[in-house]
Protein chains: 2
Amino acid sequence: MRIPVQVYAEPDMTDIEHIIKRPDQHDSEIREQVRGILDQVRLKGDQALKEFTRIFDRVEIDRILLTDKEVAAAASKVAPELKTAMEQARANIYAFHAAQGKSEVSVETQKGVRCWRRVQPIERVGIYVPGGVAPLFSSVFMLAIPAQIAGCSEIVLASPPNKTGDIYPATVYAAQLCGVTKIIRAGGAQAIAAMAYGTTSVPKVDKILGPGNRYTTAAKQMVAGEYTAVDIPAGPSEVMILADSSSVPEVIAADMLSQAEHGNDSQAIAVVPDKKMADQVISELLDQLEKLPRKEFALASLANSMIVCTEDREKILNLVNGYAPEHLIILRQDADQWETCIKHAGSVFMGPWTPESAGDYASGTNHTLPTGGWARAYSGISVESFQKHITFQRIEPAGLRNLGPVVEILASEEGLEGHRNAVTVRLNRLHGEKGGTV
Amino acid sequence: MRIPVQVYAEPDMTDIEHIIKRPDQHDSEIREQVRGILDQVRLKGDQALKEFTRIFDRVEIDRILLTDKEVAAAASKVAPELKTAMEQARANIYAFHAAQGKSEVSVETQKGVRCWRRVQPIERVGIYVPGGVAPLFSSVFMLAIPAQIAGCSEIVLASPPNKTGDIYPATVYAAQLCGVTKIIRAGGAQAIAAMAYGTTSVPKVDKILGPGNRYTTAAKQMVAGEYTAVDIPAGPSEVMILADSSSVPEVIAADMLSQAEHGNDSQAIAVVPDKKMADQVISELLDQLEKLPRKEFALASLANSMIVCTEDREKILNLVNGYAPEHLIILRQDADQWETCIKHAGSVFMGPWTPESAGDYASGTNHTLPTGGWARAYSGISVESFQKHITFQRIEPAGLRNLGPVVEILASEEGLEGHRNAVTVRLNRLHGEKGGTV
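Since the structure is predicted, the reported quantities are computational estimates derived from the model, not experimental observations.

(A) Structural context of the interface of chain A and chain B. Counting residues at the interface gives 129 residues for chain A, matched by 129 residues for chain B. If you look at where chain A meets chain B, you find 14 salt bridges. Notably, a salt bridge pairs Arg-117 of chain B with Glu-384 of chain A, separated by 2.4 Å at the nearest N-O pair. For the pair chain A and chain B, the number of links is 80 residue pairs in polar contact (both at pLDDT 80 or more). Of the residues belonging to the side of chain A that touches chain B, the class tally is 61 nonpolar, 40 polar and 28 charged. Taken together, the 4 bridges between strand S13 (residues 347-350) of chain A and strand S14 (residues 387-395) of chain B define a ladder with parallel strand orientation.

(B) Just the packing of aromatic side chains, in detail. Residues and elements named next belong to chain A. This structure, assessed with the given rule, holds 10 aromatic pairs over all chains. On the basis of an interplanar angle of 10 degrees and a centroid distance of 5.4 Å, the ring pair of Trp-116 and Phe-392 is categorised as stacked. A residue pair is termed long-range when its members are at least 10 positions apart, and Trp-116 in strand S3 (residues 113-121) and Phe-392 in strand S14 (residues 387-395) qualify at 276 residues. Here the two residues Trp-116 and Phe-392 agree in accessibility, since each one is buried.

(C) Spatial organisation of the relation of the copies chain A and chain B. For these two chains of identical sequence, chain A goes onto chain B by a turn of 180 degrees and a shift of 0.0 Å along the axis, with RMSD 0.0 Å. The superposition operator between the copies reduces to a two-fold rotation axis. No C-alpha of chain A lies nearer the rotation axis than that of Lys-102 of chain A, which sits 3.4 Å from it. Most of the interface of chain A is mirrored in chain B, where 100% of its interface residues again form contacts.

(D) Representation of the sheet that holds strand S6 (residues 182-185) of chain B within the structure. Residue and element names in this part refer to chain B. With parallel pairing, the 5 strands of this open sheet are ordered in space as S6-S5-S4-S7-S8. Each end of this open sheet is capped by a strand with a single partner; those strands are S6 and strand S8 (229-230). As defined by bridge partners, strand S5 (residues 154-159) adjoins S6 across 4 bridges and the pair is classed as parallel. Directly across from Ser-159, in S6, lies its bridge partner Arg-185.

(E) Quick peek at the environment of Ile-3 of chain A. Residues and elements named next belong to chain A. Counting through the fold element by element, Ile-3 comes out in the segment before strand S1 (6-9). Among the residues examined, Ile-3 registers a relative accessible area of 6% and is labelled buried. Along the backbone, Ile-3 and Leu-286 are 283 residues apart, and their C-alpha atoms lie at a distance of 6.6 Å. Among all residues touching Ile-3, those that are not within four sequence positions of it are Ile-282, Leu-285, Leu-286, Leu-289 and Leu-302.

(F) Structural context of the pattern of salt bridges. What the rule picks out here adds up to 43 salt bridges over all chains. Here Asp-231 of chain A makes a salt bridge to Lys-220 of chain A, at a shortest N to O gap of 2.7 Å. With Asp-231 of chain A in the loop between strand S8 (229-230) and strand S9 (238-242) and Lys-220 of chain A in helix H9 (residues 214-223), the pair connects residues that are 11 residues apart, well separated along the chain. When sorted by exposure, Asp-231 of chain A lands in the same class as Lys-220 of chain A, which is buried. Residues joined in a network through salt bridges with shared partners are Glu-123, Arg-124 and Asp-206 of chain A together with Arg-376 of chain B.

(G) Spotlight on the sheet that holds strand S2 (residues 105-110) of chain A. Sheet architecture is open: 9 strands sit in the order S2(A)-S3(A)-S14(A)-S13(B)-S12(B)-S9(B)-S10(B)-S11(B)-S1(B), paired in mixed fashion. Each end of this open sheet is capped by a strand with a single partner; those strands are S2 of chain A together with strand S1 (6-9) of chain B. On average, adjacent strands in this sheet sit at an angle of 15 degrees to one another, irrespective of strand direction. With 5 bridges connecting them, S2 of chain A and S3 of chain A associate as antiparallel partners. Bridging across to S3 of chain A, Val-107 of chain A finds its partner in Cys-115 of chain A.

(H) Spotlight on a negative patch on the surface. Residues and elements named next belong to chain A. Taken together, the side chains of Glu-10, Asp-274, Glu-311, Asp-312 and Glu-314 define an acidic patch exposed on the protein surface. Within the fold, Glu-10 resides in the loop between S1 and helix H1 (13-20). A relative accessible area of 47% means that Glu-10 is categorised as partly exposed.

(I) Inspection of the confidence of the model for chain A at higher detail. Here chain A shows a mean pLDDT of 94. Residues at 70 or above account for 98%. This prediction of the complex comes with two scores: 0.96 for pTM and 0.96 for ipTM.

Conventions adopted
Residues numbered from 1 in each chain as written. Chains lettered and ligands numbered in written order. Predicted model: local features only at pLDDT ≥ 70, side-chain atom pairs only at ≥ 80, totals over all residues. Heavy atoms only, no water. Contact = heavy atoms within 4.5 Å. Salt bridge = Lys/Arg side-chain N within 4 Å of Asp/Glu carboxyl O. Polar contact = N/O pair within 3.5 Å; in protein donor to acceptor, adjacent residues only side chain to side chain. Nonpolar A, V, L, I, M, F, W, Y, C, P; charged D, E, K, R; others polar. Pairing = 2+ DSSP bridges. Helix = DSSP H or I, 4+ residues; strand = E, 2+ residues; numbered from the N terminus. Phe/Tyr/Trp six-rings, centres within 6.5 Å; stacked < 30°, edge-to-face > 60°. Buried < 20%, exposed > 50% of the residue type's maximum accessible area, 1.4 Å probe, protein only. Least-squares fit on C-alpha atoms with pLDDT ≥ 70 in both. Axes fitted to C-alpha atoms, helices over the stretch in contact; angles between N-to-C directions. Patch = residues over 30% accessible without salt bridge, like charges linked within 9 Å, V, L, I, M, F, W, Y side chains within 5 Å. Areas by Shrake-Rupley, 256 points an atom, 1.4 Å probe, with all protein chains shown as cover. Lys, Arg positive; Asp, Glu negative; His and termini not counted. Charge placed at Lys NZ, Arg CZ, Asp CG, Glu CD. pLDDT = per-residue confidence, 0-100.

This is the structure in structure tokens:
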């Protein structure tokens, strides 16, 4: 077997531009199919949801919502060892997220003019948890814990049912641990549609968050800005690894494969000091790949993957910040000296003892992160993703005496005499012309 | 003349549902036209930008970017009185926004496992400032000041040129005051396209923010999630006013008109205690409307507007939170007792001496706010709109000894053996099986 990963020795700027360019994603056909699903759910609600579940998940479901009894029963189906591990993960994720959140602010901007903002949870949120190739119950923690901390009053979780119409027990148990209020057995574009439009069983939500495949991603894009807000654009998962001469090829290969096993379109880019280490990594990839149950996925995604050989710090930083990786593992001994130079990345794993999978599950950081270079503009999910703020201002009569004329000048200059007049009528009253009160 | 505003006396729940339903917006034809503009700019860059400026703004432009000399010259064209007013507005907006921003967080989630996040400015941002019906230079402050505070290194401002190919001097002067790095003379969908794709003259930006008409809004939606991030969905401006028996009809009418003059599709909803006050407000509207230069706009948008007569606190809160107004003016004497009950609104103006136009220009709060009910999920623009964060984690060997097995269990349960193995190879080394180092 040949490992299809590309090797770039001492890349020049043209190579770097090529490396940081991601594989093309064409989803126009998907969008057309998704359009049909969205329309049906919007028109027929629960009935369409059940029909698409029959077609795509190949199971007939009677009830869309899990009952309290079904939710309670999930706990007994989760092994004690798994429960303990889940509890440790939950505690770490809770601890890191509890320290987050938007800040309340109050400033007297000038005498008699106070401006403040109050932070509010987004009332109703929908979180999507994939259940396809692997039951990703860890995503429940990553979405529901920040929602719970933010104080959202309705947290709807959607996940596709298995062949018996059930949701994976660990997913339900995780939901129970962190305040999910409703669980709906539906996946794909139809689940997104149900949460965006609302159906008899499913409440319409204000924002939908969570990872997903191309169908759910397309569905989220299509309902966004019209029916509901959504989180970051989702795309194939990816990792960049920075190694130095002390790094162990076995570890580099393991980190590449932990990314590559996600799906055919994942991408792993390792930066190693020289061609010799690149060859060692490839040899390790070959060994480890054989033992991987998800070997087919990993092999396919290695074809999108690359090993770059260079020790040029400036080139490496161009690679990192140009690519803006979802995950960045700095295996290097001098990881600390790179921290402040990282401008664009989702989550960064510092030093040789910090595997990316620790962040996927249990270190405490969020694993819902910007892919596809979106780390240039987006952050991963945080408590702030479930919050908004409202600004307030109160102007006292003395404040309006000073600020009013400023507003009059600016409004007139913009040709908005109605805006000016809203100040003028008040100033007139304040100056006693009409009795000194409004 | 008849004032076309609808009056609802003691509305029931059906009325309230009707009142909070916004007028329909259909933009499918606009999207088709915008698609053509986007494609041309993506393919032909500057050339297309000049061509569309010739067609839509009816002016031939040689250079797209303003030169330093042109920027410097703007200051001399702004009247001293206007400059002073602008400076006061700038100072207030700066003071309120300087207190904002994402928080850095660092938590040891368990012994030997540290998670933190670092706040970063979004590197390159594009801000759009309309220049059509009114030269909205105040929007420059609302967008560029938070960008400046966030520390964005490229702040590109786009605004449509006038008939001589110039940008309104106060717009250019405002840009100069708050760190705008490039000004491009282009408006509409073509300006959005240029900033989303980049052209020879215009840098591609990571995020586009700012208000606009239906064309720029459609263009922003269409490039979002594919080429660039964007801010909140934009729609017609709107105000809700809560009055009590002490409120002055002249002031209520002035506040309604200051919203109504924005455009044909603006909406103003006043809640007054009784029919008598509703009639007084209508009579005031009639008087004030006559003196308004933008009377046509105001009259058209009054047809979307309403006066609701009720003193029922619960109904009023249902109206406010159901409608989720962009602007909420609480003229009531007991404004303070309503603050914490407001769950969904953009910006709130407390008490009778706080006109909405103060927030539009100079109180200090931001005037780029969620419309169309989006206040349920979005906040107005803030310093956070120009920031992102990167999460980091560092696991010490002792931390991995404890956390590693937890991750192994969780990864295996999800069927992701590659994820598990990235921990296992490290634990093996840590336990000395392969020399105790990675």
